[in-house]
2 protein chains.
Amino acid sequence: MQEKKLHSQGKILFFNKEYIAEFVYGGIDGAITTFAVVAGAEGANLGISVVVILGLANLIADGFSMSVGNFFSTKAERDSFEKHRQVEYWEIENLRDKEIEEIREIYAAKGFKGELLEQVIEVIISDKDVWVDTMMKEELEMTKSDKAPYKTAAVTFFSFLAVGSVPLLSYFFAGADMSIEKPELFVYSCILTGVALAIVGSFKSIVAEKNIFIGIMETLLLGGLAALLAYFVGDVLEQLFR
Amino acid sequence: MQEKKLHSQGKILFFNKEYIAEFVYGGIDGAITTFAVVAGAEGANLGISVVVILGLANLIADGFSMSVGNFFSTKAERDSFEKHRQVEYWEIENLRDKEIEEIREIYAAKGFKGELLEQVIEVIISDKDVWVDTMMKEELEMTKSDKAPYKTAAVTFFSFLAVGSVPLLSYFFAGADMSIEKPELFVYSCILTGVALAIVGSFKSIVAEKNIFIGIMETLLLGGLAALLAYFVGDVLEQLFR
């Protein structure tokens, strides 16, 4: 009973997950993209103004393109399901014998035979919705997504901007207090970004149905390595240019 | 017959699509991210060296984080399917009556009743694989993904870097020939990025099963608007900073 309950919870998470997933992947992408700009600029010894200007420009442009891209791909998935479903309805009307044969093959593979198989086929094809539903699941292996494109896009946009602005926070405050040394700003940015990635990473463990510690470590490692790469590339190129 | 053939082709595309999809979304994301850096730097009148340094740093760091992120999310999807499948195997062993009842509900909903319903249940539960397969498709509405995580990650990485380097090409050549005026470089970058986005957009129409013209226009519009946003943000912030 314990296990059953656990599984039911898993299913509840599986449905809610649709929005958590967008929050998690939008947030991680936003933080890493902006942090890469900060780290690259830091590695190349570019000024605070460059970090703030390009960090913000990148944040807004990428947040926009990612959420609109998300809208289109979620919509395309739904459209594809609907299109295939319409084709199946067309086929059971116009290629009836062939589609009956496909139902026969599907249920024969499940172990049905003889008179029972014929009776099963009769029930399935007596209801067009059941017939098409069987073709979608068994022949095409497609299941309908409950995701609303505008909702996934909105969650992605919000999460990308909110989490993605974290690496820039310390630089914004530098405008108000120029007495803060620049290396300190980058250290603050690293700490704040690390905290943000850890929080989003803990939610990622829910989406990926993993241990919370693994979710956090994976996300921190990913962000850290990406920033290291950006810092290194910035550093090397700056030496080449000067 | 014509329509049936078309549908079969659709199915073939649906399977190949798994790799085309990574190519398309990796490529679009790479081009737009890098183009946003170029446009933002251009709007803020930053030098060629800043464009090349931060463009490359962002390209490599984002390409890395996006493909590794893709690896984890593809893997999480497969793991989730496998985990739920194992739970179903556990349940049919340990909560047999409850699971039989679920099969009864599933097939009653399809229109089966009386003696025939009992016979159908008997065949389904006589084979554990068929039983679990039915629970996965009908109860959880989960179908197995054929995607290999390391393959989708590799295609994403390659596509992100290849298409994502296009907006920077004209700036690389500026190093060799400094007689090219800087405004020209941005114009070349816009043209090259437009061509690259149009090509990837035409593939997107395959993934999204849409008209090729719509695929191209959607992609060009998305990239153009993102770049406009970045340019505008760069321009405004530069005026605030100076």
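Being a predicted model, the structure only gives us computed values, none of them experimental. (Residues numbered from 1 in each chain as written. Chains lettered and ligands numbered in written order. Predicted model: local features only at pLDDT ≥ 70, side-chain atom pairs only at ≥ 80, totals over all residues. Heavy atoms only, no water.)

Undergrad: What exactly am I supposed to notice about the overall build of chain A here?
TA: What chain A contains, in helices and strands, is nine helices and zero strands. Traced from its N-terminal end to its C-terminal end, chain A shows the element sequence α-α-α-α-α-α-α-α-α. Considering only residue pairs separated by 6 or more positions, chain A has 79% of its internal contacts joining residues 24 or more positions apart. Carbon and sulfur atoms make up 64% of the accessible area of chain A, which totals about 11000 Å². (Helix = DSSP H or I, 4+ residues; strand = E, 2+ residues; numbered from the N terminus. Contact = heavy atoms within 4.5 Å. Areas by Shrake-Rupley, 256 points an atom, 1.4 Å probe, with all protein chains shown as cover.)

Undergrad: Would you explain the packing of aromatic side chains in this entry?
TA: Two numbers describe a pair of aromatic rings. These are the distance of the centres and the angle of the planes. Residues and elements named next belong to chain B. Evaluation of the coordinates by the stated rule reveals 11 aromatic pairs over all chains. An angle of 25 degrees between the planes, with centres 6.5 Å apart, marks the rings of Phe35 and Phe186 as stacked. With a gap of 151 residues between them, Phe35 in helix H1 (residues 2-43) and Phe186 in helix H8 (residues 182-207) connect regions that are remote in the sequence. Judged by relative accessible area, which is 7%, Phe35 ranks as buried. Relative accessible area serves as the criterion here: at 17%, Phe186 is assigned to the buried category. (Phe/Tyr/Trp six-rings, centres within 6.5 Å; stacked < 30°, edge-to-face > 60°. Buried < 20%, exposed > 50% of the residue type's maximum accessible area, 1.4 Å probe, protein only.)

Undergrad: Is there a simple way to think about the interface of chain B and chain A in this case?
TA: Interface size is commonly expressed as the accessible area that is lost once the parts come together. Contacts between chain B and chain A engage 81 residues on the former and 81 residues on the latter. Between chain B and chain A, the buried area comes to about 7100 Å², and carbon and sulfur atoms account for 70% of it. Remark: the boundary between chain B and chain A carries four salt bridges. Here A:Lys137 makes a salt bridge to B:Glu138, at a shortest N to O gap of 3.1 Å. Viewed at the interface, chain A and chain B are joined by nine residue pairs in polar contact (both at pLDDT 80 or more). Mapped onto the side of chain B that touches chain A, the elements with two or more residues apiece are H1, helix H2 (48-94), helix H3 (96-109), helix H4 (114-125), helix H5 (128-139) and helix H9 (212-241) of chain B. The greatest single-element share of the side of chain B that touches chain A, amounting to 25 residues, is contributed by H2(B). (Buried area = accessible area lost by both parts, 1.4 Å probe. Salt bridge = Lys/Arg side-chain N within 4 Å of Asp/Glu carboxyl O. Polar contact = N/O pair within 3.5 Å; in protein donor to acceptor, adjacent residues only side chain to side chain.)

Undergrad: Whenever I open this one, the relation of the copies chain B and chain A confuses me. Can you help?
TA: Related by rotation about an axis and a shift along that axis, the two copies of the chain form a pair. Once turned by 180 degrees and shifted 0.0 Å along the axis, chain B lies on chain A with an RMSD of 0.0 Å. Given the turn and translation reported, the copies of this chain are related as if by a two-fold rotation axis. (Least-squares fit on C-alpha atoms with pLDDT ≥ 70 in both.)

Undergrad: How should I be thinking about the UniProt feature "transmembrane region" (unreviewed entry) in chain A in this particular structure?
TA: Taking the UniProt record as the reference, the feature "transmembrane region" (unreviewed entry) is found at residues 20-41, 47-72, 152-173, 185-203 and 212-233 of chain A. For residues 185-203 of chain A, the end-to-end C-alpha separation is 27 Å, with 100% helix and 0% strand making up the annotated structure. (UniProt positions renumbered as here; feature names shortened; annotations may be inferred.)

Undergrad: Where do I start with a nonpolar patch on the surface in this structure?
TA: Residues and elements named next belong to chain A. Side chains of Val187, Tyr188, Ile191, Val195, Ile199 and Phe203 sit close together on the surface and give an oily, nonpolar patch of about 540 Å² of accessible area. Turning to its location among the elements, Phe203 is positioned in helix H8 (residues 182-207). For Phe203, a relative accessible area of 34% corresponds to the partly exposed category. (Patch = residues over 30% accessible without salt bridge, like charges linked within 9 Å, V, L, I, M, F, W, Y side chains within 5 Å.)

Undergrad: Would you mind going over the nonpolar core with me for this structure?
TA: Buried together is how nonpolar side chains tend to be arranged in soluble globular proteins. In terms of nonpolar packing, the biggest core is built from 84 residues, with A:Leu54, B:Leu54 and B:Tyr171 touching the most fellow members. With 12 residues, H2(B) is the single largest residue contributor to this core. Excluding its chain neighbours within four sequence positions, the residues that come into contact with B:Leu54 are A:Val37, A:Gly40, A:Ala41, A:Leu46, A:Val50, A:Leu54 and B:Val37. Counting 43 residues, the second largest nonpolar core, distinct from the first, contains A:Ile92, B:Ile92, B:Ile121 and B:Val123. (Core = buried A, V, L, I, M, F, W, Y, C linked by side-chain atoms within 4.5 Å.)

Undergrad: Which parts of the structure should I look at to understand the packing of helix H2 (residues 48-94) of chain A against H2(B)?
TA: H2(B) packs onto H2(A) with a crossing angle of 50 degrees between their chain directions and a minimal axis gap of 13 Å. Here H2(A) is positioned oblique relative to H2(B), judged by the angle of their axes. Once H2(A) is placed against H2(B), the crossing between them reads as right-handed. Side by side, H2(A) and H2(B) meet where A:Val50, A:Leu54, A:Asn58 and A:Asp62 of the first sit next to B:Val50, B:Leu54, B:Asn58 and B:Asp62 of the second. (Axes fitted to C-alpha atoms, helices over the stretch in contact; angles between N-to-C directions. Parallel < 35°, antiparallel > 145°, perpendicular 65-115°, else oblique. Left-handed = near helix turned anticlockwise from the far one by under 90°.)

Undergrad: Sorry if this is basic, but what is going on with the pattern of salt bridges here?
TA: All names here are of chain B. Inspection of every chain in the model, using the stated rule, returns 23 salt bridges over all chains. The residue Lys75 makes a salt bridge to Asp79 at a minimum N-O spacing of 3.1 Å. One end of the pair is Lys75 and the other is Asp79, both in helix H2 and four residues apart, which spans about a single turn. Residue class for Lys75 comes out partly exposed when judged on its relative accessible area of 33%. Measuring nitrogen to oxygen at the nearest pair gives 2.9 Å for the salt bridge that ties Glu138 to Lys110. Note that Glu138 is positioned in helix H5 and Lys110 in the loop between H3 and H4, a separation of 28 residues in sequence.

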